[in-house]
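# Residue-level structural notes
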Amino acid sequence: MTVTGSLTTRRVFGAVLVVVAAGLGVTATFLSAYTVQVVANGRTWRFEATSWVVERDDFRDLLLLEPLEFGEPAVAAALVMALAAVLAFRVPAVRVGSLLGAGVLAGVAWSAVTRVQGVIDRLAEVESPATIEVAQGDGVTMLIVAAGLAVVAAVLHQELPRAVPGDAAGEGAVIHQIDDEADDTDTPPYGYPVIVEPKSD
């Protein structure tokens, strides 16, 4: 009973963390994904976008910048995770959905970081008298945190069995002796009765 209660508590805790990670993943899509800033001649040009839309673009398409567009897969992964966390209390097999969603969210986070790095590398090749600064936004940072939390939460949510002391092989073995009839015959170490004839003088 103690083992079952412990595993159930861990499953509930994992489900709560899965929902929290899903919420962080959705929130991350509405925060700034990355920013590009150029300061020249006393003026500041700035580009800023979420994963959905461009919020500010002072370059007017000169640098061909665009949103990272990780909103849809991140929300889809979060939805799968949240549904798995809720439905798993009725259908335990649905818990696999939290692993699937966490994997997708981790992939989205990796893709977002890779794309930001790609923007940095591309703008580094642009010949400009002013320094072009590219910064990763809070949205991508929160997405990374959400993905890491999602993986941990999904593992906890699977309710994997833990080793219980006393269950090791050979421990707690019970030996039953069945004795149908009393037998006073001496059994030597050979394992079966041996008839010993008296020595003849």
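The following refers to the structure shown. (Residues numbered from 1 in each chain as written. Predicted model: local features only at pLDDT ≥ 70, side-chain atom pairs only at ≥ 80, totals over all residues. Heavy atoms only, no water.)

## Thoughts on a nonpolar patch on the surface
On the surface, Val12, Val16, Val20 and Phe89 cluster together into a nonpolar patch covering about 320 Å² of accessible area. One can find Val12 in helix α1 (residues 2–28). (Patch = residues over 30% accessible without salt bridge, like charges linked within 9 Å, V, L, I, M, F, W, Y side chains within 5 Å. Areas by Shrake-Rupley, 256 points an atom, 1.4 Å probe, with all protein chains shown as cover. Salt bridge = Lys/Arg side-chain N within 4 Å of Asp/Glu carboxyl O. Helix = DSSP H or I, 4+ residues; strand = E, 2+ residues; numbered from the N terminus.)

## A word on the nonpolar core
Grouped together as the largest cluster of nonpolar side chains are 40 residues, with contacts concentrated most on Tyr34, Val36, Leu65, Leu68, Phe70, Leu105 and Leu143. Elements with a contribution of two residues or more to this core: α1, β1 (34–40), β2 (43–49), α2 (71–87), α3 (96–124) and α4 (138–157). Contacts of Leu105, omitting those with residues within four sequence positions, involve Ala21, Ala74, Ala77, Met81, Leu143, Ala146, Ala147 and Ala150. (Core = buried A, V, L, I, M, F, W, Y, C linked by side-chain atoms within 4.5 Å. Buried < 20%, exposed > 50% of the residue type's maximum accessible area, 1.4 Å probe, protein only. Contact = heavy atoms within 4.5 Å.)

## Quick notes on the packing of aromatic side chains
Scanning the entire structure with this criterion turns up two aromatic pairs. For the ring pair Tyr34 and Phe47, a centre distance of 5.6 Å and an interplane angle of 40 degrees mean the geometry is tilted. Taken together, the positions of Tyr34 in strand β1 and Phe47 in strand β2 put the pair 13 residues apart, joining distant regions of the chain. (Phe/Tyr/Trp six-rings, centres within 6.5 Å; stacked < 30°, edge-to-face > 60°.)

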